[in-house]
Amino acid sequence: IVLGNVCAMGLAIILSEMYFHKTAKVLQTIFILPNFLSITVIALIVYAFLAPTNGFVNAIIQNLGGTKVNWYVTPSIWPFLLVFINLWKGTGYSAVVYLASISGISNEYYEAAMLDGATKLQQIRYITIPNLRFILSIQLIMAVGGMFRGDIGLFYTVTMNTGALYPVTDVIDTYVYRSLTTSQSPGMSVAAGFYQSVVGLILILLSNWVVTKIDADSALF
């Protein structure tokens, strides 16, 4: 949640400050493209890099004199890898949301700041970021509410549903899917899904309450 919002906000600020707007539009399109890729395509891209026999990463390791690694039975790498893949896929889309908010900030603030001798970094710190607090709080509330909901495509498809990775990649959604397709316990799957919804609702209400105590104008409701 923290990395996603920081990276998206940083990317949006960089794009908004670019002098050549056409270049910014091209970069914006490039960054948002991964969001529209199917998770199956992303899984194949990851496999092309990490394939045990002829993967790109293992080819580099072998050329450097090392031994090949079967990444699909190495749990320690996947928490970091899945975070990176999620960032690569979603940062561009989230940046567009922040970019839309930045475009709504009045230029009068920046003109007044420039007259007072404010640098670009000072303008970003005292004008841009404070004006993003509303959309940031909404993003955080929704993200906290969805903490117990995992991206089943990310955790199931990208990892190739490898049993050796379950200790670090098995989430409630993959458990529910597996229970419905391979085991005879639909009741437990329904209970787990209901648990997700209840806890998600509680987290949204709790996080929104915390935001109201900090800044009532930035709360979701």
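In the block above lies the structure referred to throughout.
Residues numbered from 1 in each chain as written. Predicted model: local features only at pLDDT ≥ 70, side-chain atom pairs only at ≥ 80, totals over all residues. Heavy atoms only, no water.

Trainee: How should I be thinking about the overall build of the protein in this particular structure?
Mentor: Helix and strand counts for the protein come out as 12 helices and zero strands. Computed over the C-alpha atoms, the radius of gyration of the protein is 22 Å, more than 25% above the 17 Å expected from 2.2 N^0.38 for a compact globule of 221 residues. Taking the principal axes of the C-alpha coordinates as reference, the protein spans close to 65 × 50 × 25 Å. A buried classification covers 31% of the 221 residues belonging to the protein. Partitioning the contacts of the protein with sequence separation of at least 6, the portion at a separation of at least 24 is 64%. Surface exposure of the protein reaches about 13500 Å², of which carbon and sulfur atoms provide 69%. (Helix = DSSP H or I, 4+ residues; strand = E, 2+ residues; numbered from the N terminus. Rg over C-alpha atoms; globule rule 2.2 N^0.38 Å. Buried < 20%, exposed > 50% of the residue type's maximum accessible area, 1.4 Å probe, protein only. Contact = heavy atoms within 4.5 Å. Areas by Shrake-Rupley, 256 points an atom, 1.4 Å probe, with all protein chains shown as cover.)

Trainee: How should the packing of aromatic side chains be read in this particular structure?
Mentor: Geometrically, a pair of aromatic rings is defined through the distance of the ring centres and the angle of the planes. All chains considered together, the criterion is met by five aromatic pairs. Relative to Phe-56, the ring of Phe-49 has its centre 5.5 Å away and its plane inclined at 85°; by these criteria the two rings are edge-to-face. Assessed through its relative accessible area of 49%, Phe-56 is described here as partly exposed. Look at Phe-148 and Tyr-195: their rings are 5.9 Å apart centre to centre, the planes differ by 80°, and that puts the pair in the edge-to-face class. You can see Phe-148 sitting in the loop between α8 (133-145) and α9 (152-157) and its partner Tyr-195 sitting in helix α12 (residues 186-214), a full 47 residues away along the chain. (Phe/Tyr/Trp six-rings, centres within 6.5 Å; stacked < 30°, edge-to-face > 60°.)

Trainee: Is there a simple way to explain the environment of Asp-215 in this structure?
Mentor: Position of Asp-215 relative to the elements: it lies in the segment after α12. Of the polar contacts made by the side chain of Asp-215, one reaches the side chain of Arg-133; its length is 2.9 Å. (Polar contact = N/O pair within 3.5 Å; in protein donor to acceptor, adjacent residues only side chain to side chain.)

Trainee: Looking at this structure, I do not really get the pattern of salt bridges. What am I missing?
Mentor: Should their charged atoms come close, side chains of opposite charge can pair. One pass over the full model with this rule turns up three salt bridges. Here Arg-133 makes a salt bridge to Asp-215, at a shortest N to O gap of 2.9 Å. Of this pair, Arg-133 sits in helix α8 while Asp-215 is found in the segment after α12, placing the two residues 82 residues apart along the sequence. By relative accessible area, Arg-133 is classed as partly exposed at 44%. Overall, the relative accessible area of 21% leaves Asp-215 in the partly exposed class. One salt bridge connects Arg-178 with Asp-170, and the closest N-O pair in it is separated by 3.0 Å. (Salt bridge = Lys/Arg side-chain N within 4 Å of Asp/Glu carboxyl O.)

Trainee: Could you clarify how one ought to interpret helix α7 (residues 120-131) in this entry?
Mentor: Within an α-helix, residues lying three or four positions from one another point in the same direction, as the helix has 3.6 residues per turn. The end-to-end C-alpha distance of α7, which contains 12 residues, comes to 15 Å, matching closely the 16 Å that a straight helix rising 1.5 Å per residue would cover. If you follow the buried residues of α7, they end up packed against α1 (2-17), α5 (78-103) and α6 (107-115). (Expected span 1.5 Å × (residues − 1).)

Trainee: Explain helix α3 (residues 39-50) to me, please; I cannot follow it from the model alone.
Mentor: Relative to the 16 Å expected for 12 residues at 1.5 Å per residue, α3 spans 16 Å between its end C-alpha atoms, a close match to the ideal helical length. Buried residues of α3: Ile-42, Ala-43, Val-46 and Leu-50, and no others. The arc that holds the buried residues of α3, viewed along the axis, is 100°, so those residues lie on one side. Where α3 is buried, its residues touch α4 (56-63), α5 and α9. (Arc of directions from axis to C-beta.)

Trainee: Can you help me understand the packing of α5 against α8 in this one?
Mentor: The relative placement of two packed helices is expressed as an angle between their axes plus a distance between the axes. Two elements in contact, α5 and α8, have axes whose closest approach is 9 Å; the angle formed by their N-to-C orientations is 150°. Compared by their axis directions, α5 and α8 come out roughly antiparallel. Contacts from Ser-94, Val-97, Tyr-98 and Ser-101 in α5 reach Ile-135, Leu-136 and Gln-139 in α8. (Axes fitted to C-alpha atoms, helices over the stretch in contact; angles between N-to-C directions. Parallel < 35°, antiparallel > 145°, perpendicular 65-115°, else oblique.)

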